[in-house]
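# Report on the structure
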Amino acid sequence: MRRRLSYTPLLLLSFLQVFARADDEELTELLRKDECPQQSLELLQKRKQQQLQKLVNKPPLIKGISYGPSPLVIPGKLGRDDFFCDDAKPMWGPKGRGDLHIMKLLGANTVRLYGNDPSLDHLDFLDYANLEGLSVIPGNGDAAFYGESCKGSGSYSCAEGVKAAYLRNLHKGFLKKVFKGGFYEQVGEYHPSISMIIVVNEPELKFPGLDQPKSWAKLVATAIDGMLGAEDEAGVNGTKPNFTATFSFAHCTKCGKFGNMPGLGQMWEVRNAMLHPEQYGIKSKHNLPEFFRTRFTFSFNSGNPSHEIQNLFLAPYEKEFPTTPIFIGEYHNPGNPDNEKDIKNMLRIADESALLLGLNFFEWQNRYDEAGHLIWGMFDPQDLPGTDLPHVKVRDERYRVPCLAPVFQSATFNTIPEQIALAFNGSGINVHRSLCEPSPLKVQVSQHGFDQIKGLKNATTMGAFITRVVKHMGG
């Protein structure tokens, strides 16, 4: 018979203080109340076993691409940024430009989305992504947070508006449909392509701002409460995807802790709101502490090189949040001369971590409808007459679907899509009907435009670009 080990309270307390983490508040509470924290030790051992099991059962690394395929080829505004609806099928679908298939050729296994009009259907996108073997990470559109009970009144109690929007999403594709009796019938399970749901992207930068953490932490927690309410009303059953809130890499000096570390302050604040909703004036209808422990994942966006992430963020994150998984929602260091090397190193770091699930490369293409988004894309959209690509509808406007010119990097003398394919172990896309060469008459008159023409290694083409530069300067 195995003899049960006996510990003195002092020895147990010392042991727990070494291994306990800040998010194990149950342990803290037990330590404060128990004269002999044997129960705390057993709980801690269980948590440690769960953490090790997560590493053993860790899913394949996320090798994703952030997807926002604006059809604009010159600066302008669009009436909508939902590009996974049926209207955008000419860009992502097999009979159009075939973006999802190109992603698969690059070696991606995930597509991270932006924008969401809950009045539009998204089932075809999810079905086709699933056919291509791509997981999908959609999220709520910002409009779900503009209601009077949320941003409109400044109270940031967002459950009502988010619930209404998310319920429509569930009925417009997020829930699986099966063909039965000549008709498609919705069942109560999530679509198999959906791997994660983004509650909100970078709330601290817009709802209302980084200096008001109580407000945006409340927004996140109440939005989750609303989404859970939508699941209840829709009768969702079966396996449910984790929810995530994606934060910037900014320092939150007004957050309760970790104001000197990028991203961590925001995560601490949201966790605190979910574990202690009463401190934020939240009257939830669901068990938010339990939801955080069992079905929540953090995520962050970063433009830092991979060699900085471990010490700057991941090591302190793993210490503070030892049981909460995390992934990189947007990853790209645009000043890095070798994206292949940098991404491979970031994936290696993720592979060695029990918590870091992977990354999404930011981003699919340069965007002329978003200020500052002209240095991040792996493709440049170009409008070249004579291509057989269709038109795409954005609200009441029609745009020719632009072809995709791979962005060239001088330092490595190859394109970013080539580097992504090498980092993701993809087959690559040397020949594809949706690709085109940069045109000296279409690229920006800038260093970026010069680099694109330089990559063609054609003196005549470079001469045409230089002539255009001279005219641009008044010569």
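In the block above lies the structure referred to throughout.
My aim in this report is to walk through the structure given alongside it, one point at a time. From a predicted model like this one, the values you see are computed outputs, not experimental measurements. (Residues numbered from 1 in each chain as written. Predicted model: local features only at pLDDT ≥ 70, side-chain atom pairs only at ≥ 80, totals over all residues. Heavy atoms only, no water.)

Here strand 12 (residues 391-394) pairs with strand 13 (residues 397-400) via four bridges, running antiparallel. Its bridge partner being in strand 13, Lys393 is matched across the sheet by Arg398. Linkage of strand 12 to strand 13, two consecutive antiparallel strands, is achieved through a turn of two residues, within which Arg395 is found at a positive phi near 55°. (Pairing = 2+ DSSP bridges. Helix = DSSP H or I, 4+ residues; strand = E, 2+ residues; numbered from the N terminus.)

Here the focus is the packing of helix 10 (residues 264-275) against helix 11 (residues 288-295). Axis separation between helix 10 and helix 11 bottoms out at 7 Å; the angle between their running directions is 130°. Taken as axis vectors, helix 10 and helix 11 run oblique relative to one another. Across from Arg271, Met274 and Leu275 in helix 10, the residues of helix 11 making contact are Leu288, Pro289, Phe291, Phe292 and Arg293. Its residues assigned to classes, the contact of helix 10 with helix 11 comprises six nonpolar, no polar and two charged. (Axes fitted to C-alpha atoms, helices over the stretch in contact; angles between N-to-C directions. Parallel < 35°, antiparallel > 145°, perpendicular 65-115°, else oblique. Contact = heavy atoms within 4.5 Å. Nonpolar A, V, L, I, M, F, W, Y, C, P; charged D, E, K, R; others polar.)

For the structure on display, the rule yields 13 salt bridges. Here Lys89 and Asp124 are joined by a salt bridge, their closest N and O atoms 2.7 Å apart. Within this pair, whereas Lys89 is found in helix 4 (residues 89-92), its partner Asp124 is found in helix 6 (residues 123-131), the two being separated by 35 residues in sequence. Relative accessible area serves as the criterion here: at 32%, Lys89 is assigned to the partly exposed category. With a shortest N-O distance of 2.9 Å, Glu340 and Lys344 are connected by a salt bridge. Residue Glu340 and its partner Lys344 are located together in helix 13 (residues 339-352), separated by four residues, close to a single helical turn. A residue is classified by how much of its surface remains accessible, and Lys344, at 39% relative accessible area, is partly exposed. (Salt bridge = Lys/Arg side-chain N within 4 Å of Asp/Glu carboxyl O. Buried < 20%, exposed > 50% of the residue type's maximum accessible area, 1.4 Å probe, protein only.)

The subject of this paragraph is the state of the cysteines. Counting across every chain of the model gives three disulfides. Sulfur-sulfur distance for the disulfide between Cys252 and Cys255 comes to 2.0 Å. Given an S-S torsion of about 85°, the disulfide between Cys252 and Cys255 has right-handed geometry. The residues Cys252 and Cys255 share a single accessibility class, namely buried. In this model, Cys403 is linked to Cys436 through a disulfide, with the two sulfur atoms separated by 2.1 Å. (Disulfide = S-S within 2.5 Å.)

Within the secondary structure, Lys341 sits in helix 13. In this structure, the C-alpha to C-alpha distance between Lys341 and Gln419, residues 78 residues apart in sequence, is 8.4 Å.

In this fold, Asp117 is placed in the loop between strand 2 (110-113) and helix 6. Looking at Asp117, its side chain comes within polar contact range of the side chain of Ser119, at 2.7 Å. The residues contacting Asp117, other than those within four sequence positions of it, are Arg80, Asp82 and His122. (Polar contact = N/O pair within 3.5 Å; in protein donor to acceptor, adjacent residues only side chain to side chain.)

Here we take up the nonpolar core. Counting residues in hydrophobic clusters, the biggest one holds 113 residues, and the most contacted among them are Phe125, Phe145, Ile224, Phe243, Phe298 and Trp364. The element best represented in this core is helix 9 (residues 213-234), accounting for 11 residues. Residues in contact with Phe145, not counting those within four places in the same chain, are Asn140, Cys150, Lys151, Cys158, Val162, Val199, Val200, Phe207, Leu219 and Ala223. Core analysis: the next-biggest nonpolar cluster, separate from the first, contains six residues, Ile137, Met196, Ile198 and Leu357 among them. (Core = buried A, V, L, I, M, F, W, Y, C linked by side-chain atoms within 4.5 Å.)

Below, the discussion takes up the sheet that holds strand 1 (residues 62-67). Strand order in the open sheet made by the eight strands is 3-2-1-10-9-8-7-6, with parallel pairing throughout. One side of each edge strand has no neighbouring strand; the edge strands of this open sheet are strand 3 (135-137) and strand 6 (196-201). Recorded for the sheet is a direction-independent mean angle of 30° between the axes of neighbouring strands. Both strand 1 and strand 10 (residues 356-361) contribute to a ladder of four bridges, which runs parallel. Residue Ile62 lies in a different strand from strand 10, and its bridge partner there is Gly358.

Below, the discussion takes up helix 12 (residues 306-320). Relative to the 21 Å expected for 15 residues at 1.5 Å per residue, helix 12 spans 21 Å between its end C-alpha atoms, a close match to the ideal helical length. Of all bends in helix 12, the biggest is about 40°, found at Leu314, and the proline Pro316 comes one to four residues later. Turning to helix 12, its buried residues number three or more, namely Ser306, Ile309, Phe313, Leu314, Pro316, Tyr317 and Glu320. Those residues of helix 12 hidden inside the fold are in contact with helix 10, strand 8 (296-302), strand 9 (326-331), helix 13 and strand 10. (Expected span 1.5 Å × (residues − 1). Bend = angle between axes of the 7 residues up to and from the residue.)

Another aspect to go through is the layout of surface pockets. Gaps left between atoms are located by rolling a probe of water-molecule size over the structure's atoms. The calculated volume of the largest pocket comes to roughly 830 Å³. Taken together, 32 residues line the largest pocket, and the ones lying closest to its centre are Asp81, Tyr114, Asp142, Asn201 and Lys206. Put simply, the parts of the chain that give the lining of the largest pocket at least two residues each are strand 2, strand 6, strand 8 and strand 9. Roughly 480 Å³ of volume is contained in the second largest pocket. (1 Å grid on protein atoms, 1.4 Å probe; cavity = no way out; pocket = protein on both sides within 12 Å on 5 of 7 lines; lining within 4 Å. Points joined across faces, edges and corners; volume = space filled by probe spheres on them.)

Turning our eyes to something else, we now look at helix 10. With 12 residues, helix 10 ought to run about 16 Å at 1.5 Å a step, and its terminal C-alpha atoms sit 16 Å apart, in line with that. Burial within helix 10 is extensive, with 12 of its 12 residues counted as buried. Inspection of helix 10 places Leu264, Gly265, Gln266, Met267, Trp268, Glu269, Val270, Arg271, Asn272, Ala273, Met274 and Leu275 among the buried residues, and these make up the whole buried set.

The subject of this paragraph is the packing of helix 9 against helix 10. One can describe the packing of helix 9 onto helix 10 by two numbers: an axis separation of 9 Å at closest approach and a directional angle of 55°. What the angle tells us is that helix 9 and helix 10 run oblique. Crossing of helix 9 over helix 10 shows right-handed handedness. Residues Pro213, Lys214, Trp216, Ala217, Val220, Ala221 and Ile224 of helix 9 form the contact with helix 10, whose participating residues are Gln266, Glu269, Val270, Ala273 and Met274. (Left-handed = near helix turned anticlockwise from the far one by under 90°.)

Next up on the list: the side chain of Ser302. Position of Ser302 among the secondary structure elements: in strand 8. Taking relative accessible area as the criterion, Ser302 reaches 6% and is therefore assigned buried. Not counting chain neighbours up to four residues away, the residues in contact with Ser302 comprise Phe249, Ile309, Glu330, Tyr331 and His332.

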